[in-house]
Each structure stands twice: as structure tokens, then as C-alpha cells.
Amino acid sequence: MDKRVVFAVAGSGKTTHLISKLSLDKRALIVTYTENNHRHLRNSIIKKFGAIPSNITLMTYFGFLHGFCFRPFMQNEMNTRGLNFRAPPQSKYPLTERKRYRDPGGRLYHNRLAKLIEVEGLLPAVRARIERFYDAVYVDEVQDFAGHDFNLLLEISAANAEMLFVGDFYQHTFDTSRDGTVNSTLHKDITKYEKRFSKAKIKVDKETLSKSWRCGTTVCDFITAHLQIKIHSHKDRVAEIIKVDTQELADRLHSDHSIVKLFQEQHYKYGCYSQNWGASKGQDHYENICIVMGQKAWKQYEEGKLREAVAQTRNKLYVAFSRARGEVYVVSDKLFKAYKS
Amino acid sequence: MPAIKKVVLQNFKRFESLTLEFDDGVNVLIGDNETGKSSVLLALDLALSASRSRVETIGYESLLAQSAVRAFQRGPRTLDLLPELVVDVFLEEGDEQGYYGTQNLTGAMTDGIGMTIAPLVEEFGSTIHQLLQDDPEGFPYEYYGVKFYTFSGGPHVSYRRPVKHLLLDSSRIDSEYAAREYTRTVFSFNAEPPERFSLENRYRRGKEAFRDEELATLNAGLGDYQFGVRTSIRSNLETDLIITKEGIPIENRGKGEQCFIKTEFALRRHGAKGELHALLLEEPENHLSHTKMKLLVEQLANTAGTQLFIATHSSHICSRLDLRHALLLGSEQQAGRLKALTEPTASFFMKAPDNNVLEFALSKKVILVEGDAEFILIEELYKKHSNGRTPRADQVHIISIGGTSFKRYLELGKLLGIRVAAIRDNDGDYQQHCVENYKDNLYKEARIFADPDKDRSTFEIGLYHDNKDACDDLFAAGRKKLTVQEYMLKNKADAAFELLTKKSAALVAPQYIQDAIKWINE
């Protein structure tokens, strides 16, 4: 059974790679982390097969966690009624106390459910259930697994089925389901991160998806140089990175509806065709883009020190830059101030 | 075909708890009145349909076991003790993970779907609590809710049913709801979804075309207000479809004919098209003539690919469909299976002339006799030797069977724990015919009664010897060639009938029959 994690770079064709693994005679479970990606994969499957074939199941991670790993075994016993996506209150219930995992209304804290499954001894049953129904498990956006969820993922990967995880370490922008300090430093160091997989007997593959189809050489070189994130291009196309230094150009960009403006946050306040850096993850339809930087980032950019930005900012910038198929305009938010509401 | 393997009921109608295992082919539910045959079919129908409105129409009050409600009312009446109804339908395991899990009453990891009717404690807890305190008589049916689920704990929805089924209830066969439901179901498995939707679409457009073309002239002079044709959920292809046979709508035919046609039509194979997985038949013998019933049984017996659930009172139906398929519902919430019946015995009942096997199976105490003469006289003799009580008063059934089939009935009786007194002739050798012969067939509750005297080889001989005066008095006159005993042997039933009508007061039963009557009530 092949078990591997493929570290992909932005625009390298993760979805295409996953979809190419699917066939009508292999029972496959695909788990995505975000709803956005779920929809994207669903449409890609429909494009390939015309419909969703009965041997292929697509679930979001929380759908999988609750509907596949917990509900079939424990719902009646614990009298639960779905997930609670709020942070659990500060209370000192021990790990074995069910109140730690279940709110008074019967909902399970989303960030602790993976731990509950371990504590209740359900891991063997979950692995058996995977083996009972699937020949292969594909997990997309693996970089988004954090906290207990990451541990659960490694545990279930021992099931006797093909396992393929794909993700882009640097596209990890925030932990949605952290619980205390569990795996809180997981994304600090890529070498240590890789080790977690190899220790769980999962082969780390950094070759297969190391080149971007989307970004041209210039953009890849820029990302490698400025953010110190290695990314290569399939295309030998040279596209410009344009530093915007006049208000006039900024105004033109603002009113150009073919160029998306990517902001660090609160993009909707600028009254133009826009998105936030982090939220642009997964978007594949932009041509030229315009990245608007706050003063701190702008200063680091001008000094060639963007790599020193905090990891979260750096990762978000990586996501943003790697959206570009064509040209990238870089602009200081000073020149957009007039538009802010 | 996903077969229904088992149903587990909790607090459903008359069943506080019941488990029934099913066969992949035919299942015949037999039982006395009020043993819950129809309830089992209803439970399957409701859980498989996953139709909230159907359940609500029937009403929680009539579905929730009244015994459980009474038990609750007698107790401390706290929220946590409110009874819940559960129907768990266990299915053959398949490749769909959504049905697989342990969320059922048994906790078994398998495929299935279920239905529960439970108090909405999370939503209305304090209201129910208040109500229980304020009204010592009231039961909070209004705060109950129905939920349909799969064994994986997910929701079970009516548009994604793992088992396509149809309930044919001959007692409501011509009700409008049943007719519509039937047509809808049969339509849905005769036409694949794309075909169905295209037909529905064309029907709607046809109506619109009628409005635009035929009504146009009329509407032309009407200004703002126009006539249109209804197209809505209450008026579409599904609501307007009917089924016809030879041009005549089947709803215009008699109930019996309808029942027959509907069953036949539902079971017809459709090649690669969607099929009916399970057919639930409620007393199909109702409204059917004997001939039609035989035709129907033949049809049912030759059904392949559709799992059958038949509730019946008819010996003919249950024995002809192989008694081993029969599930006997008792009055004590128990169900016996005749699966363990041996093959020869099951085929015997399929081949033997119409018989009383169902009456036998449903009895607790049975006197088996082997001929018409015994049958005619036994009730009178019974009364004589039990201080005037009738067999009916003692719940003793008297069944007359062919002499060779004692062992078949004994096998069935052993399986069902029926107390059986079998009265037979010794045919000249008591030890051989009445002792050795049955040594492998008897059980604690079964005994053979026969005359030990080899000269009293038949019932008539024994009867004549014990009632010489009465018989001579009745039959001696006019006898030329035959003796009285020879006459009685040649005309068994007639002689017995004459004795019954003219000499019943004087008659005495032979000792072995007296013994049988005494023993059956011990």
C-alpha cells in the first residue's frame, strides 16, 4: 500500500493530480479541508465522470470527522447532535471526561472531536471502517490539519488502504481547530513537519508537484528570492513584477475590473474588484493581479526583507503572489487610502 | 437487491419489544387476530418510506405502545422515563458507508435504517416537565417528534431509499391515498428518473400549450383576467396518472380484482429498469375468490428478485408458499419461526390437500383425529367426559387429518410447543403402529392415544363394543347381509352422524379417547 504525502507548490496542479488518481474501479474517499475546495473538487469530479460515481465519496474534513469517525459508533451513546464550531469554554475537565468534548446542548467541540475519538478507543474501528469501504484515501489541503486533527490523520493513515495526502506547507495560513498547545508548533519548521510524516511511515514526496503551471518564471523567482519559499515554474514565460510608484497608476489599477486587488485584510472596504490574501487560496482564474501591502510589509518589501515577515503574513503573501498567471503589480496601501471607507 | 434481514421494534403499537429475522425471499406472517401482523408491515413501511407526513397523519398516539404509555403514567412521570418508539430495519450489507454503523438498538455494526418517535426533550424539556406536573392525566404527545436515520447516525431521507418497497393493503386498496401511492410507486420504478422527469415536463408543457392554443379565443375577449390550467404539486402527471387494464381504469374494478392486478403489475419484471425490492402484502386473500387466490399464490411463489412480506390468515397461502417461510406471531410478543421444519414436512404441506395447518399452528392445545367419523363425534364425546364443557371453552382445537400425516403435524407441534393428543386406530398392532412408529416423533407435550386391544383395531369397532345397545338399537333393524359392526365400518361418516343426532345422550367414548380428553387439559 502506497502511503505518501506530496508537498505541492501553488498552481502545480494538485486537483488535477488527485482527480487523475480516480477511476471507476477503485473505491476512493476524498477529504478536503475547506468548503470552497470541496465544491471545486466536486465540480472537477463531475467534469471527469459526468456525475459523482458511486465508488467515489467526497467529504469535507469535519463531515468526515463527525459523520464517518464518530457518528456511526457513538452518536446514540453520547446523545450528540452535531458539531459546535465555537471555542470550548475554559474549564478543567480531564481528558477522559466526556463533558470536555460535548457541550451542554449535545454538540461536540469541533477542535476536540479528534481527541475524543482517540480517547474513546475508536481508532481501530475507524481504520476498519476505511478498509471496509475504500481502497484509497485522498486528503487535500493537508497543510491545514493542525491540533488533534493532525494526530488523527497520522493514526488513520495506518489503515490498510492507499493513502495520498497533498498540500502546500506554505499555504498554511491559520489553525482553525487548535486546542491548547497540541501541535501548536507544527507549522513552525518544515523539516520537523516532514519528519512527523516519515515517522508515521508516510513517504514524503517533494518532486511530483514542485513546479507551478500557473506562475511564470519571474513570479516564481520573485517568491523564491523574497519569501524564501522554493517554487519552480513549468512555463518559461517572463512576466513583469511592477512596483507601483505613482498615484495615477494606482488609480488606474483601482478602476480596472480585470485586475484583482489583493489586500491583507478587509478588502471589501476599498470598493473595487478585490479579495484578501489568505482567502484567495484555491482561486485559479486570475490573470494579472495587484498586491496591496500595509506599511510594515511595504517597508520589508522595499528593503528586500519580506522573508522576515511573521510566518502567517509570509504564507499569506505567498498565497497572494502565487495567484498570478500574468503580471503582478505591487502597491503600498498609501496609494489606496483615498478609496478606503 | 438489498434484502431486509431483520426488524427490531420497541414500543411500536402492541409490541414493547420484538425482533423478527427475515428470509431473503418469502416471509409469511401468520398469527391470530390482534397479534400484530399488520403492525409489522406498517413498521417496515413507515421506516422505509421515511415520510414524516405519513407518520404524522397516522398520529403518534396510535403508534406509540399504549402499554408503555400506561407504564409511564403509573411511574414517577419524569422526563427521562418518557417512552420512545424505535423501528430498526437491518439490511443486507452493501458498499455504501452511509448505512453502516452501530446506531441501532442492538449495537451491531451493520447496514440499516431506522425511525424513532421520541420526546423533544432538548427543545421543549421545561415545557414538558411543567405539563407533566400540571396535568396528572396528560401525556405530552404534542411534544414528540419523528426522526429517520441510518445506522451510521446520518439522516435517512425519502428521496434516497436503499430499499424500494410497496405496501398493498387489501383492506384499504381502494382508498384514494393508497391508490395514488401505488400508482406513484409503480410509475417510479417503471420509468427511470430521466424518463420520468421528461414525461412530467412534457405533461406540464402540454397543459400550457392547451392554454395558449385552445383557450386563446376565449381568453382573447377577457382582458386582464384569463383562464389558465392548473399546474402545481396537486395537479401534475403523478397526480393525474391512473393505471388501466384493457382500457378500463383498475380503480373501477372490484376490490379483489384490484388487489390481484396490483400485485401482478408490481411484481412484473422490468429487465434492466429499476425494480421493486420489497413487496408488503396485507391479507391478500381478502376480496379474492378461491380461484383468484390460487392464481395469486402461484404468482407469489414464482417471484424472484423481490422480497415478499405477506400477512395472512389463509392456510392455503402460507402452506403453499412453504411453511418454512412462515413467521408465527404469538400473543406474548414472541415470534416463532418454522424455518427448522424439515424439507419433507414442508413439501408435504405444500403438496397435501388444503388443510388446517394454520389453525393447528395457532392453537395451544389440539386433538388430532384421523377420520370423519371421529371428527363428527369427538365434540359430543368431549363434552360427555369433561363435565359438559365444550372443547372451545377449554381452547382445545379438534383437527381432522389424513392418517399418514400425524408425524408431519407432530413435527410442527414440537417446533411450536403445541400440546397435541393424537387419536388414531391401532390397525391391529398397537405396539407396532402406535408406539414404535412414533418413538422419534413424540415430545413432552405430545402423546398418541389408541386402543391397546388388537381386536379393537378401529374407532368404529371400539365404539360399537362400548355402545352395543345404542348401535344395535339404531342400526340392527333392516340389516340382512351385514352385521351392525360391518355396517358401521362400511358407512363410517353416515353412521357417526346418525349416532350423533339420535343417540348422543347414551354414547360413551372408548377408554383411550377418554384418556386423551383428560390428558389434553392436564
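Remember, it's a predicted structure, so these values are computed and weren't measured experimentally. Within every chain, residues take consecutive numbers counted from 1 along the sequence as written. Numbering of ligands from 1 and lettering of chains from A proceed in the order in which they are written. Local features in a predicted model are, by the rule used here, given only for residues with pLDDT of at least 70; side-chain atom pairs are given and counted only at 80 or more, and totals for whole chains, interfaces and linings are based on all residues. By convention in this description, side-chain values take in all heavy atoms of the structure and omit both hydrogens and water.

This part covers the pattern of salt bridges. The working definition used for a salt bridge is a side-chain nitrogen of Lys or Arg within 4 Å of a carboxyl oxygen of Asp or Glu. Enumeration according to the criterion identifies 41 salt bridges over all chains in this entry. In this structure, the salt-bridge partner of A:Arg112 is A:Asp179, at a minimum N-O distance of 3.1 Å. Here the residue A:Arg112 occupies a position in the loop between strand 5 (108-109) and helix 4 (113-119), and A:Asp179 occupies one in the loop between strand 7 (162-167) and helix 7 (190-199), the gap between them amounting to 67 residues. Within this structure, B:Lys245, B:Glu246, B:Arg253, B:Glu257 and B:Lys292 form a network of salt bridges that share partners. Starting at the N terminus, helices and strands are each numbered in turn, a helix being any DSSP run of H or I of at least four residues and a strand any DSSP run of E of at least two.

Residue and element names in this part refer to chain A. Read across the sheet, five strands follow the order 11-15-14-12-13 without closing on themselves; strand pairing throughout is parallel. Two strands lie at the open edges of the sheet, namely strand 11 (241-243) and strand 13 (274-276), each paired on one side alone. Taken pair by pair, the neighbouring strands of this sheet meet at an average axis angle of 25°, ignoring direction. At least two bridges found by DSSP between two strands are what make those strands a pair. As paired elements, strand 11 and strand 15 (residues 328-332) share three bridges and run parallel to each other. Across the sheet, the residue bridging to Ile-242 is Tyr-329, located in strand 15. Whether two residues are in contact is decided by their heavy atoms, any of which lying within 4.5 Å being enough. An axis is simply a line fitted to the C-alpha atoms; with a helix, the fit covers only the stretch in contact. Between two such axes, the angle follows the N-to-C directions and lies from 0 to 180 degrees. Where helix 11 (residues 311-321) meets the sheet, it contacts strand 12 (260-263), strand 14 (289-293) and strand 15, and its direction lies at approximately 160° from that of strand 14.

The next point concerns the packing of aromatic side chains. Under the pairing criterion, centres of Phe, Tyr and Trp rings, with the six-membered ring standing for Trp, must be within 6.5 Å; the plane angle then separates stacked pairs below 30 degrees from edge-to-face pairs above 60, leaving the rest tilted. Taken as a whole and judged by the stated rule, the model has 36 aromatic pairs over all chains. Look at A:Phe62 and A:Phe85: their rings are 5.2 Å apart centre to centre, the planes differ by 85°, and that puts the pair in the edge-to-face class. Here A:Phe62, found in helix 3 (residues 61-78), pairs with A:Phe85, found in the loop between strand 4 (83-84) and strand 5; they are 23 residues apart in sequence, far enough to count as distant. Exposure classes here rest on a 1.4 Å probe applied to the protein chains alone. A residue is buried below 20% of its type maximum, exposed above 50%, and partly exposed in between. Classification of A:Phe62 as buried rests on a relative accessible area of 13%. Centre to centre, the rings of A:Tyr273 and A:Tyr286 are 6.4 Å apart; their planes meet at 75°, and the pair counts as edge-to-face. One end of the pair, A:Tyr273, is in the loop between strand 12 and strand 13; the other, A:Tyr286, is in the loop between strand 13 and strand 14, with 13 residues separating them in the sequence. Among the aromatic residues, ring-to-ring pairing joins A:Phe7, A:Phe150, A:Phe169, A:Tyr170, A:Tyr193, A:Phe197 and A:Tyr318 into one connected group. Remark: a charge is flagged as sitting over a ring if the NZ atom of Lys or the CZ atom of Arg is within 6 Å of the ring centre and within 35 degrees of the ring normal. Above the ring of A:Phe133, the side-chain terminus of A:Arg132 is found at 4.5 Å from the ring centroid. A cation sits over an aromatic face here: B:Arg419 above B:Trp519, 3.9 Å from the ring centre.

Read these as spatial facts, not as claims about activity.
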